[in-house]
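Next come the chains, spelled out residue by residue.
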Amino acid sequence: LIAKEELTVSVVNASGVEGVGNVFKDILTNLGINVVDVVSAESQEHSEIVNKKKTVLDERLDNLFKEELKTSSDKVIDVDEKLIIGKDLANYFVD
């Protein structure tokens, strides 16, 4: 279902933990998502999704990380979804 949407996604690692962005890139790529880039940004506590419109991917991520993700809309972003990974999601992947 997700792959049929043909989404383009940018992953932003704002967790302060090196490599977490690439972990999410691998997860999304395995789901059939076209991850166009992985970039680092200034560290932030909470993760979020910025998108042009609600997608199946949003629903899946909400189910996995219900408490952590907030969603906002931005009609002018250059991808369908921007997944910003904060410290909260990084905690799932570090000891």
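Here the structure is a predicted model, which is why all the values come from computation and not from measurement.

**Student:** What should I look at first to understand the side chain of Asn-51 in this one?
**Tutor:** Along the polypeptide, Asn-51 turns up in strand β3 (residues 48-51). Owing to a relative accessible area of 3%, Asn-51 belongs among the buried residues under this scheme. A polar contact of 3.4 Å, which involves the side chain of Asn-51, links it to the backbone oxygen of Lys-53. Ignoring sequence-local partners within four residues, the contact set of Asn-51 consists of Asp-58, Thr-71, Ser-72, Ser-73, Asp-74, Ile-77, Asp-80 and Glu-81.

**Student:** Sorry if this is basic, but what is going on with the side chain of Asn-13 here?
**Tutor:** With respect to the helices and strands, the residue Asn-13 is situated in strand β1 (residues 8-13). There is a polar contact of 2.6 Å between the side chain of Asn-13 and the side chain of Ser-15. Not counting chain neighbours up to four residues away, the residues in contact with Asn-13 comprise Glu-18, Gly-19, Val-20, Gly-21, Val-39, Ser-40, Ala-41 and Ile-85.

**Student:** What should I look at first to understand helix α2 (residues 56-64) in this one?
**Tutor:** Because an α-helix completes one turn every 3.6 residues, residues spaced three or four positions apart along the sequence face the same direction. Regarding α2, the residues found buried are Leu-57, Asp-58, Leu-61 and Asp-62. Viewed along the axis of α2, the buried residues span an arc of 135°, placing them on a single side of the element. Set apart from the buried face of α2 by more than 90 degrees, the exposed residues are Asn-63 and Leu-64. Buried-residue contacts for α2 involve β1, α1 (20-30), β3 and β5 (81-85). Capping of α2 at its N-terminal end is provided by Thr-55; its side-chain oxygen lies 3.3 Å from the backbone amide nitrogen of Leu-57.

**Student:** Teacher, can you tell me more about the pairing of β1 here?
**Tutor:** Along any regular strand, the residues point their side chains to alternate faces of the sheet. Summarising burial for β1: five of the six residues are buried, a large majority. Pairing of β1 with strand β2 (residues 34-40), which is carried by six bridges, proceeds in the parallel orientation. Across the sheet, Asn-13 pairs through a bridge with Ser-40, a residue of β2. Handedness of the crossover joining β1 and β2 through α1: right-handed. As judged from the five bridges shared by β1 and β5, these two strands associate in the parallel manner. Paired with Ser-10 across the strands is Lys-82, a residue of β5.

Calculation notes
- Residues numbered from 1 in each chain as written.
- Predicted model: local features only at pLDDT ≥ 70, side-chain atom pairs only at ≥ 80, totals over all residues.
- Heavy atoms only, no water.
- Helix = DSSP H or I, 4+ residues; strand = E, 2+ residues; numbered from the N terminus.
- Buried < 20%, exposed > 50% of the residue type's maximum accessible area, 1.4 Å probe, protein only.
- Polar contact = N/O pair within 3.5 Å; in protein donor to acceptor, adjacent residues only side chain to side chain.
- Contact = heavy atoms within 4.5 Å.
- Arc of directions from axis to C-beta.
- Pairing = 2+ DSSP bridges.
- Right-handed = clockwise from strand over helix to strand, strands pointing away.

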